[in-house]
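Structural overview
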Amino acid sequence: MTTTLIDDIGLLVTNDPAVGSLTAEVTDAAVVIEDGVIRWVGSASRAPAADERVDAAGRCVIPGFVDSHSHLMFAGDRADEFEARMTGQTYTAGGIRRTVAATRAASDDALLGNSQRLVAEMRSQGTTTVEIKSGYGLDVLDESRALRLAQKLTTETTYLGAHVVPSEFADDPAGYVDLVTGEMLAECAPHARWVDVFCDTGAFDVDQARAVLQAGQAAGLGARMHAGQLGFSGGVQLAVELGAASVDHCTFLSDEDIDALAGGSTVATLLPGVEFSTRQPYPDARRLIDAGVTVALACDCNPGSSFTSSMPFCIAVAVRDMKMSPAEALWAATAGGAEALWRDDVGVIREGARADLVLLDAPSYVHLAYRPGVPLVSRVF
Ligand code: NIG
Ligand code: FE
């Protein structure tokens, strides 16, 4: 097996609690990788010999981004909705049904091709772990198809049959929840690691969300949730109560929600691309972090509310407009995403972890926010 030494790293972000707090940075560092695994991390002056050497030339190396929230299994385009929002229309989740129609009509090849293109786009911007949700099929065949295709791209697949109530069940939402927790779950669970529900205004209420997540958990899936995007739904406290890995959006948060998050183990995943693309106020990251809540950042890449695949973009927005420090934002986009997926082998640079590393064309990760929109990812390992 070939060993590779990444040498002369000016600044290495390890995120390893054994090394230091938060980003746990090491200067003048080196890393040895072998067969996709990190074998050695330390000071460049003590680096062991290796079969090949990559010269980082004093630049910064960070863990690959962990994008813990995406909706890549879709067809179609909703740029017209974005355009309308930029001239004053508000976002409702109503457009989801347009994507459902386009997705149902698309071939397997078209769906897979589109998602592969987006995964490649993510990777070129430093993302090495991605979660992918279903949620634009909303019937048994199309939801399970989306998950089977997503499994070709990631192990982090999420069953989101409870995205919205599809038009054909408009008069019978309870019947749809029965389908989601019954036959659809049985078909989807073998292809999913997670179950998710959109608990918000115009989607599912707390009782429906509880039924969906508990059924998923009983089928062996870990729980995650969309809540607090459009209003106060009670979903955040439910997510904590059910031991969900993560509750995502968290734009509308009551004091009770913050207390629940601070007292539980559920990560709050913030999705700045959504507020950017819907012109809503950003979530209050400072209030969460200051209360001791673990915060992650993700793209929520989807054709409606946030069509970005760029974690560097999300970091720049989180730093500029959500009052996160560059170190907090980078940690949230790497280690935070890993926590939101219950993973300890990614989002960290330490011996034994996956060798998912990004070499930046910059001396520091601060440049990710300091130079917004500039492609700074030089190489992805
Ligand atoms: O995470 N909130 C629900 N789902 C997506 C939006 C989906 C869409 O508009 O197509 C989200 O923002
Ligand atoms: Fe989402």
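Residues numbered from 1 in each chain as written. Chains lettered and ligands numbered in written order. Predicted model: local features only at pLDDT ≥ 70, side-chain atom pairs only at ≥ 80, totals over all residues. Heavy atoms only, no water.

**Structural notes on the coordination of the iron ion (ligand 2)**
The iron ion (ligand 2) binds to the protein through His69 (NE2), His71 (NE2), His226 (NE2) and Asp300 (OD); the donor distances cover 2.0 to 2.4 Å. Every donor residue of the iron ion (ligand 2) comes from the same chain, spaced as H-x1-H-x154-H-x73-D. Highlighted residues: histidine 69 in the loop between β6 (65-67) and α1 (79-86) and histidine 226 in strand β11 (residues 222-227), separated in sequence by 157 residues. Taking the relative accessible area as the measure of exposure, histidine 69 reaches 0% and is therefore buried. What makes histidine 226 buried here is its relative accessible area of 2%. (Donors = N, O, S within 2.8 Å, 3.2 Å for Na, K, Ca; no water. Helix = DSSP H or I, 4+ residues; strand = E, 2+ residues; numbered from the N terminus. Buried < 20%, exposed > 50% of the residue type's maximum accessible area, 1.4 Å probe, protein only.)

**Considerations on the sheet that holds strand β10 (residues 194-199)**
Hydrogen bonding along the main chain pairs the strands of a sheet, whether they run parallel or antiparallel. Here 7 strands make up an open sheet; going across it, the order is β8-β9-β10-β11-β12-β13-β14 and the pairing parallel. A single partner strand is all that each edge strand has here, and the edge strands are β8 (132-133) and β14 (295-297). Of the strand pairs in this sheet, β8 and strand β9 (residues 157-162) are connected by 2 bridges, and their pairing is parallel. For isoleucine 132, the partnering residue across the bridge sits in β9 and is threonine 157. (Pairing = 2+ DSSP bridges.)

**Topic: the packing of helix α12 (residues 311-321) against helix α13 (residues 326-340)**
Put simply, α12 and α13 touch, their axes get as near as 9 Å, and they point 140° apart. In the packing of α12 onto α13, the handedness of the crossing is right-handed. Here Met311, Ile315, Ala318 and Val319 of α12 come into contact with α13, specifically with Pro326, Ala329, Leu330 and Ala333. (Axes fitted to C-alpha atoms, helices over the stretch in contact; angles between N-to-C directions. Left-handed = near helix turned anticlockwise from the far one by under 90°. Contact = heavy atoms within 4.5 Å.)

**Things to note about the UniProt feature "binding site: N-formimidoyl-L-glutamate" (unreviewed entry) in the protein**
UniProt tags Tyr136, Asn302 and Gly304 as "binding site: N-formimidoyl-L-glutamate" (unreviewed entry). On the basis of their most widely separated C-alpha atoms, the annotated residues across 169 residues gather in one place, lying no more than 11.4 Å apart. By secondary structure assignment, the location of asparagine 302 is in the loop between β14 and α12. Overall, asparagine 302 belongs to the buried group, its relative accessible area being 4%. Once you skip the residues sitting within four places of it in the chain, asparagine 302 turns out to touch His71, Tyr136 and Phe307. In this structure the side chain of asparagine 302 is engaged in a polar contact, spanning 2.8 Å, whose partner is the backbone oxygen of aspartate 300. Relative to the assigned elements, glycine 304 resides in the loop between β14 and α12. Here glycine 304 is in contact with Arg78, Arg85 and Tyr91, once residues within four sequence places are set aside. (UniProt positions renumbered as here; feature names shortened; annotations may be inferred. Polar contact = N/O pair within 3.5 Å; in protein donor to acceptor, adjacent residues only side chain to side chain.)

**Details of the environment of aspartate 172**
Structurally, the position occupied by aspartate 172 is in the loop between β9 and α5 (173-181). Exposure remark for aspartate 172: the relative accessible area of 38% places this residue in the partly exposed category. Separated by 95 residues in sequence, aspartate 172 and aspartate 77 have C-alpha atoms that sit 28 Å apart. From its side chain, aspartate 172 meets the backbone nitrogen of glycine 175 in a polar contact 2.9 Å long.

**Notes on the site of ligand 1**
As a structural note, the neighbourhood of ligand 1 is formed by 15 residues, with Arg78, Tyr91, Tyr136, Gln229 and Ser305 the closest of them. Within the contact set of ligand 1, an oxygen atom lies 2.7 Å away from a side-chain nitrogen or oxygen of arginine 78. Between serine 305 and ligand 1, the recorded distance is 2.5 Å, taken from a side-chain N or O atom to an oxygen atom. Notes on ligand 1: free accessible area 330 Å², of which the protein chains cover 100%. (Near = heavy atom within 4 Å. Areas by Shrake-Rupley, 256 points an atom, 1.4 Å probe, with all protein chains shown as cover.)

**Details of helix α7 (residues 206-218)**
Under the 1.5 Å per step criterion, the end-to-end length of α7 is 18 Å for 13 residues, consistent within 8% with the ideal 18 Å. Those residues of α7 lying buried are Gln208, Ala209, Val212, Leu213, Ala215 and Gly216. The buried residues of α7 occupy an angular sector of 160° when the element is viewed end-on, so they sit on one face. Exposed positions of α7 whose direction lies more than 90 degrees from the buried face are Asp207 and Ala218. Contacts from the buried residues of α7 go to β9, α5, α6 (183-188), β10, β11 and α8 (235-241). By the N-cap criterion, in which a side-chain oxygen at the helix start approaches the backbone nitrogen of a residue two or three places on, α7 is capped by aspartate 205, the distance to aspartate 207 being 3.2 Å. Just downstream of α7 lies glycine 220, where phi reads positive at about 95°. (Expected span 1.5 Å × (residues − 1). Arc of directions from axis to C-beta.)

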